[in-house]
Amino acid sequence: SFPNDQTIENTMNAAMLMMERGHLRSAERIFSRIIERAPEFAEAWTDLANTYLSTKDLLNAEEAFVNANRLQPSNMAVAYNLAYVLRKLEKYDRAIKAYGAYIAERPDDADAQYGLAEALRANQENLRAAAAYRRYASLEKRKDRGKWRQKALSFAEELETAGAKKPKAEAPPASARP
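Here is what the cut-offs are and how they apply
Residues numbered from 1 in each chain as written. Predicted model: local features only at pLDDT ≥ 70, side-chain atom pairs only at ≥ 80, totals over all residues. Heavy atoms only, no water. 1 Å grid on protein atoms, 1.4 Å probe; cavity = no way out; pocket = protein on both sides within 12 Å on 5 of 7 lines; lining within 4 Å. Points joined across faces, edges and corners; volume = space filled by probe spheres on them. Helix = DSSP H or I, 4+ residues; strand = E, 2+ residues; numbered from the N terminus. Nonpolar A, V, L, I, M, F, W, Y, C, P; charged D, E, K, R; others polar. Salt bridge = Lys/Arg side-chain N within 4 Å of Asp/Glu carboxyl O. Buried < 20%, exposed > 50% of the residue type's maximum accessible area, 1.4 Å probe, protein only. Expected span 1.5 Å × (residues − 1). Arc of directions from axis to C-beta. Contact = heavy atoms within 4.5 Å. Axes fitted to C-alpha atoms, helices over the stretch in contact; angles between N-to-C directions. Parallel < 35°, antiparallel > 145°, perpendicular 65-115°, else oblique. Left-handed = near helix turned anticlockwise from the far one by under 90°.

Digging into the layout of surface pockets
Then comes step 1: Estimates place the volume of the largest pocket at around 230 Å³.
Then comes step 2: What lines the largest pocket is a set of 13 residues, among which Y80, R87, D111, Y114 and W148 lie closest to the centre.
Then comes step 3: Within the residue set of the lining of the largest pocket, elements represented by two or more residues are α5 (76-88), α7 (110-122) and α9 (146-162).
Then comes step 4: Among the elements that make up the lining of the largest pocket, the one with the highest residue count is α7 (five residues).
Then comes step 5: Taken together, the residues of the lining of the largest pocket break down into six nonpolar, one polar and six charged.
Then comes step 6: Roughly 200 Å³ of volume is contained in the second largest pocket.
Then comes step 7: Every residue lining the second largest pocket is listed: N69, P73, M76, A79, L82, L86, R94, K97, A98, A101 and Y102.
Then comes step 8: Among the secondary structure elements, those contributing two or more residues to the lining of the second largest pocket are α5 and α6 (92-105).
Then comes step 9: Ranked by residues supplied to the lining of the second largest pocket, first place goes to α6 with five residues.
Then comes step 10: Here the residues of the lining of the second largest pocket are counted per class, giving eight nonpolar, one polar and two charged.

Structure below.
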């Protein structure tokens, strides 16, 4: 919902029209102006974040999704997109945590399971990634995703064979340091 200000509502409508017409940079500027005027307006942060996501400006998308999520933590689309952006930015620990929070609310979301599996695999958490890929495969019911299910099961098998994440090398004993 909009803040109780007709000017902001009209401006939001103009920004949405810009987005629909593909004028994403103009929409970004308008959403930014709205946020300057109403910094606690979660919907404007969400729309700005989605605009950044559309233009592949992931760093700004992350910041905007973090703000939208802070203001409206119950918005599951924001939570999912934040996890996605963090994974794409290779911020795997944070992505894993964000996917986990999302999955706690939506445990049967196949796409979130796949995103979690990808982040875990990139973070070399092989067995957890394998489990997430298997969960994805069990949840995915869309007919056009048969190849994705097979790919996920193949990844799971490969990761299970590779085993658990190898422990990091320990630091040498203090006496061996120069």
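Some thoughts on the pattern of salt bridges
Then comes step 1: Taken as a whole and judged by the stated rule, the model has 12 salt bridges.
Then comes step 2: A salt bridge links R135 to D108; its shortest N-O distance comes to 2.9 Å. Of the two residues, R135 sits in helix α8 (residues 126-139) while D108 sits in the loop between α6 and α7, which places them 27 residues apart along the sequence.
Then comes step 3: A residue is classified by how much of its surface remains accessible, and R135, at 31% relative accessible area, is partly exposed.
Then comes step 4: Given the relative accessible area of 56%, D108 is considered exposed.
Then comes step 5: Here R142 and E140 are joined by a salt bridge, their closest N and O atoms 2.7 Å apart.
Then comes step 6: You can call R142 partly exposed: its relative accessible area is 34%.

Describing α9
Then comes step 1: Helix length check: α9, at 17 residues, gives a terminal C-alpha distance of 25 Å against a target of 24 Å (1.5 Å per residue), a fit within 8%.
Then comes step 2: Of the residues making up α9, those classed as buried are A152, F155, A156 and L159. Along the axis of α9, the buried positions cluster into a sector of 105°, meaning they face one direction only. Those residues of α9 that are exposed and aimed more than 90 degrees away from the buried face are K147, Q150, E157 and T161.
Then comes step 3: Along its buried surface, α9 packs onto α7 and α8.
Then comes step 4: Downstream of α9 by one or two residues, G163 has phi in the positive range, about 85°.

Section: the environment of L71
Then comes step 1: If you trace the backbone, L71 turns up in helix α4 (residues 58-71).
Then comes step 2: The class for L71 is partly exposed, based on a relative accessible area of 23%.
Then comes step 3: Along the sequence, L71 and T46 sit 25 residues apart, while their C-alpha atoms lie 9.8 Å from each other.
Then comes step 4: The residues touching L71, leaving out its near neighbours within four places in the chain, are P39, E40, F41, A42 and W45.

Overview of the packing of α4 against α5
Then comes step 1: Orientation of α4 relative to α5, taken along the N-to-C sense of each, is 150°, at an axis distance of 9 Å. Viewed along their axes, α4 and α5 adopt a mutual orientation that is roughly antiparallel. Our pair here, α4 against α5, has a crossing hand that is left-handed. Where α4 approaches α5, its residues L58, A61, E62, F65, V66, A68 and N69 are matched on the opposing element by V78, A79, N81, L82, V85, L86 and K88.
Then comes step 2: The residue inventory of the contact of α4 with α5, partitioned by class, reads 10 nonpolar, two polar and two charged.

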